[in-house]
Amino acid sequence: MQEGLGKYTDIEIKQEARMREDQREEKRAYEEPIEVQPVSTEQPAAPQEYDCVCSECGKDTTVPFLPKKEWPVYCRDCYSKRRR
Ligand SMILES: [Zn+2]
């Protein structure tokens, strides 16, 4: 009777060595028709300025809207003063 045979638990370490690198060369072979768009020479609509006279100081000024006779029009200075 020979005793002494220990039980060894074999721990299997699974090492998954991922040495594989998938080198995928994605060939972009899309062919899109390049449409040359003509450069529009139309300039963006500039804000229309209407010449008017300030109802406060009587100075010539311009307003971006059509001044109405029944509505007083003020220049920037007077407008800012009135608006505070
Ligand atoms: Zn004014």
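Attention here is on the structure that accompanies the text. (Residues numbered from 1 in each chain as written. Predicted model: local features only at pLDDT ≥ 70, side-chain atom pairs only at ≥ 80, totals over all residues.)

### So, the overall build of the protein chain
(1) Moving on: Secondary structure summary: the protein chain contains one helix and two strands in total.
(2) Moving on: When burial is assessed residue by residue, the protein chain has 4% of its 84 residues classed as buried.
(3) Moving on: Of the contacts formed within the protein chain by residues at least 6 apart in sequence, a portion of 3% connects residues at least 24 apart. (Helix = DSSP H or I, 4+ residues; strand = E, 2+ residues; numbered from the N terminus. Buried ≥ 20, exposed ≤ 12 C-beta atoms within 10 Å, placed from the backbone. Contact = placed C-beta atoms within 7 Å.)

### Describing the environment of Cys-78
(1) Moving on: Looking at the element boundaries, Cys-78 is found in helix H1 (residues 76–83).
(2) Moving on: Along the sequence, Cys-78 and Lys-59 sit 19 residues apart, while their C-alpha atoms lie 9.9 Å from each other.
(3) Moving on: Leave out the neighbours within four places in its chain, and Cys-78 touches Cys-54, Glu-56 and Cys-57.

### Observations regarding the environment of Asp-60
(1) Moving on: Relative to the elements of secondary structure, Asp-60 occurs in strand S2 (residues 60–63).
(2) Moving on: In this structure Asp-60 comes out as exposed when scored by C-beta crowding, with 9 C-beta atoms within 10 Å.
(3) Moving on: In this structure the C-alpha to C-alpha distance between Asp-60 and Cys-75, which are 15 residues apart in sequence, comes to 7.7 Å.

### Some details on the pairing of S2
(1) Moving on: Examined bridge by bridge, strand S1 (residues 50–53) and S2 share four bridges and lie antiparallel to one another. For Val-53, the partnering residue across the bridge sits in S2 and is Asp-60.
(2) Moving on: In this structure, the hairpin formed by S1 and S2 is closed by a connection of six residues, where Gly-58 is found at a positive phi of approximately 75°. (Pairing = 2+ DSSP bridges.)

### Re the environment of Tyr-79
(1) Moving on: In this fold, Tyr-79 is placed in helix H1.
(2) Moving on: Once the C-alpha coordinates of Tyr-79 and Glu-56 are considered, the two residues, 23 residues apart in sequence, prove to be 9.0 Å apart.

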